[in-house]
Amino acid sequence: MPPARRNMLAKILLSAASLLLAHLQHFLLALMQFIPGFKNYLPSPPKEQTLCHRPRGLQCISPLVQSVEETPEPIPAKIKGHIPKWINGNLLRNGPGKFEFGNDKFNHWFDGMALLHQFQLTHGTVTYRSRFLQSSSYLANSQHNRIVASEFGTLAMPDPCKSIFGRFLSRFEPPQPSDNASVNYVLYKGDYYVSNENIFMHKVDPETLETKEKVDWSKFIAVNGATAHPHYESDGTTYNMGNSYGKHGSSYNIIRVPPQGSSPGDTLEGAQVLCSIPPRDRAKPSYYHSFGMTENYIIFIEQPLRLNLLKIITSKLCGKAIFDGINWEPQHNTYFHVVNKHTGEALPGQWCSKPFVTFHQINAFEERGCVVLDLCCQDDGTSLALYTLQNLRRSGEGLDQVYAAIPRAFPRRFVLPLDVDSDTPVGKNLNPLPHSLARAVKEADGKVWCTHENLHPEGFEKVGGLEFPQINYSHYNGRRYRYFYGCGFGHLVGDSLIKVDVETKDFKVS
Ligand SMILES: [Fe+2]
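Residues numbered from 1 in each chain as written. Predicted model: local features only at pLDDT ≥ 70, side-chain atom pairs only at ≥ 80, totals over all residues. Heavy atoms only, no water.

A.B. asks: Help me understand the coordination of the iron ion, please; the structure alone is not making it clear to me.
C.D. replies: For the iron ion, the full set of protein donor atoms is His 229 (NE2), His 289 (NE2) and His 360 (NE2), and the range of their distances to it is 2.1 Å. For the iron ion, the donor residues sit on a single chain with the sequence spacing H-x59-H-x70-H. You can see His 289 sitting in the loop between β14 (272-277) and β15 (292-293) and its partner His 360 sitting in strand β21 (residues 357-367), a full 71 residues away along the chain. (Donors = N, O, S within 2.8 Å, 3.2 Å for Na, K, Ca; no water. Helix = DSSP H or I, 4+ residues; strand = E, 2+ residues; numbered from the N terminus.)

Put into structure tokens, the structure is as follows:
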């Protein structure tokens, strides 16, 4: 064979061998599909790429979402740096601390049993203690060594000791609200409670963390729960919001609880519903986690993250968890409702914006006939479903993908002009505040279309957005203010502390 032809043949064979090697993996995988038993070990086909960007290798945080033992007796805490000696008192926190009973495991981060934490600061030293909330859910799960009470993302399975018919019938029982109050500490009449967002709260002792008394909102006023982020007046009056569900559908209710009890054992006696607001769709009220309060007004944000009541009521029957009934519906706008907190009267104006979701408001205040409302906002309302324990316990590329899929939250300012009527011109920016770039424009249908102003500069995306905002509450809630603090989200959980100057938009990260 001539050398030229030999070379050509060698090149062809080499190319064929390379091609075969390159496709050998696919060839073998294809072959394995036909071998019984091997199919289950094949890797999943690549899913459609829907991620907005590729994050870097995030540290696995699985140890943070494992069950822990309680620490009822105080132990000394390790301190990095130093704590000023003038800071004295108890830092109280609440959150999930137990994620399984027997062989049953919870699905969602919010399902874990409430563990109450206390960091006691005394002259520069810190001690720590924790106790599990003795809720009915915790006690029943512990007694049966399995999950018997459904939570937000976990449907409790029927008792295996029941007959098949009994288990079938239990599917038709309506879902019972859990009293696992794992979201926040709240204050009513000077007493400490822990709360989630449903009908039950628990009074607790802030010194010993002992569970004192279970309180049912519906025994005092016609609501089926209240948020875990109420607002407080300086005299101790507490404002909150909660839904009610009647034969005509649902309502949003603004609640006021007086500052003092009339007798020592008081809980919510004297609570009132100040105002009821009908949802835009009474079968699908919005989910809300907090609201705004100024000196004279309550501001409620009706966002297109909706509770599908039919889905929730039938969730047990359909074998679904409650959170499957919370849906992001971005075909609807976000609406603002302003209510005079002294009279309970809802202002007639209609303010709206493009769809967004807010979980935590930062602050709100009145200025020159407007309400200024600062919120942490996400343009996509799908994040709740992503905080499953399975996702939080991922590592490597899987963890990076979860992070990339979670919408980021950014601080934004809305300005709502209150004096809008038929004489107000259409198409003109009604925001008179020289320090704010937010816009509020009356449209032909009378609604005021609000466009936010960013409370952050360019490049803020690098810190991963900001959530869990805090202000100097006792001095500035409801008043014009300058600084707020929050957690940066360079991970699935907060991984930095950020201070923002709302006037200059400068921020510091530590
Ligand atoms: Fe919250």
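A.B. asks: Where do I start with the environment of Asp 380 in this structure?
C.D. replies: Relative to the elements of secondary structure, Asp 380 occurs in the loop between β22 (370-378) and α5 (389-392). Remark: the alpha-carbon pair of Asp 380 and Pro 407, spanning 27 residues in sequence, is separated by 6.0 Å. The residues touching Asp 380, leaving out its near neighbours within four places in the chain, are Trp 328 and Pro 407. Among the polar contacts made by the side chain of Asp 380, one reaches the side chain of Thr 382 at a distance of 2.5 Å. (Contact = heavy atoms within 4.5 Å. Polar contact = N/O pair within 3.5 Å; in protein donor to acceptor, adjacent residues only side chain to side chain.)

A.B. asks: Sorry, what's going on with the state of the cysteines here?
C.D. replies: Each disulfide consists of one covalent bond between the sulfur atoms belonging to two cysteines. Counted according to the given criterion, the structure contains zero disulfides. No disulfide involves Cys 370; its sulfur sits 9.7 Å from the nearest other cysteine sulfur, which is in Cys 450. Using a relative accessible area of 2% as the deciding quantity, one classes Cys 370 as buried. (Disulfide = S-S within 2.5 Å. Buried < 20%, exposed > 50% of the residue type's maximum accessible area, 1.4 Å probe, protein only.)

A.B. asks: Explain the environment of Phe 300 here, please?
C.D. replies: In this structure, Phe 300 sits in strand β16 (residues 297-302). By relative accessible area, Phe 300 is classed as buried at 0%. Those residues in contact with Phe 300 that lie beyond four places of it in its chain are Met 241, Tyr 252, Ile 277, Tyr 288, Tyr 335, Phe 336 and His 337.

A.B. asks: How should unusual backbone geometry be read in this particular structure?
C.D. replies: When glycine is set aside, most residues are seen to have a negative phi, and most peptide bonds are trans. Even without being glycine, Arg 368 reaches a positive phi, approximately 45 degrees. With relative accessibility at 56%, the residue Arg 368 sits in the exposed group. Positioned with a positive phi, Phe 468 is a non-glycine residue whose angle comes to about 55 degrees. With respect to the secondary-structure elements, Phe 468 resides in strand β27 (residues 466-470). On the basis of relative accessibility, which here comes to 45%, the residue Phe 468 falls in the partly exposed class.

A.B. asks: Would you mind going over the sheet that holds strand β12 (residues 238-246) with me for this structure?
C.D. replies: Strand pairs in the sheet, formed through backbone hydrogen bonds, run parallel or antiparallel to each other. The four strands lie next to each other as β11-β12-β13-β14, forming an open sheet whose pairing is antiparallel. Single-partner strands in this sheet number two, and they are β11 (231-232) and β14. (Pairing = 2+ DSSP bridges.)

A.B. asks: Looking at this model, I keep getting lost on the environment of His 108. Mind explaining?
C.D. replies: For His 108, the position within the fold is in the loop between β4 (104-105) and β5 (113-122). Taking the C-alpha atoms as reference points, His 108 and Leu 386, separated by 278 residues in sequence, lie 8.7 Å from one another. Excluding residues within four positions of it along the chain, His 108 makes contact with Phe 152, Gly 153, Thr 154, Phe 323, Leu 384, Tyr 387, Thr 388 and Leu 389. A polar atom in the side chain of His 108 sits 3.1 Å from the backbone nitrogen of Phe 110.

A.B. asks: What's the story with the UniProt feature "binding site: Fe cation" (unreviewed entry) in the protein chain in this structure? I'm lost.
C.D. replies: The UniProt entry lists His 229, His 289 and His 360 under the feature "binding site: Fe cation" (unreviewed entry), expressed in the numbering used here. For the residues just named, distributed over 132 residues, the greatest C-alpha separation is only 8.4 Å, placing them together at one site. Leaving out residues up to four positions away in the same chain, His 289 has contacts with Val 183, Glu 197, Thr 227, His 229, Phe 359 and His 360. A distance of 2.6 Å separates polar atoms of two side chains, one belonging to His 289 and the other to Glu 197. (UniProt positions renumbered as here; feature names shortened; annotations may be inferred.)

A.B. asks: I'm lost on the packing of aromatic side chains in this one. Help?
C.D. replies: Given two aromatic rings, their pairing is described by the distance between the two centres and the angle made by the two planes. Taken as a whole, this structure holds 21 aromatic pairs when the rule is applied. Note on Tyr 252 and Tyr 288: the rings are 5.8 Å apart at their centroids and 75 degrees apart in plane angle, and the pair reads as edge-to-face. Taken as a pair, Tyr 252 in strand β13 (residues 249-257) and Tyr 288 in the loop between β14 and β15 lie far apart in primary sequence, 36 residues in all. Among the residues examined, Tyr 252 registers a relative accessible area of 0% and is labelled buried. Accessibility expressed as a relative area gives 7% for Tyr 288, which makes it buried. Each ring, one from Phe 356 and one from Phe 414, has its centre 5.2 Å from the other, and the planes form 15 degrees; the classification is stacked. (Phe/Tyr/Trp six-rings, centres within 6.5 Å; stacked < 30°, edge-to-face > 60°.)

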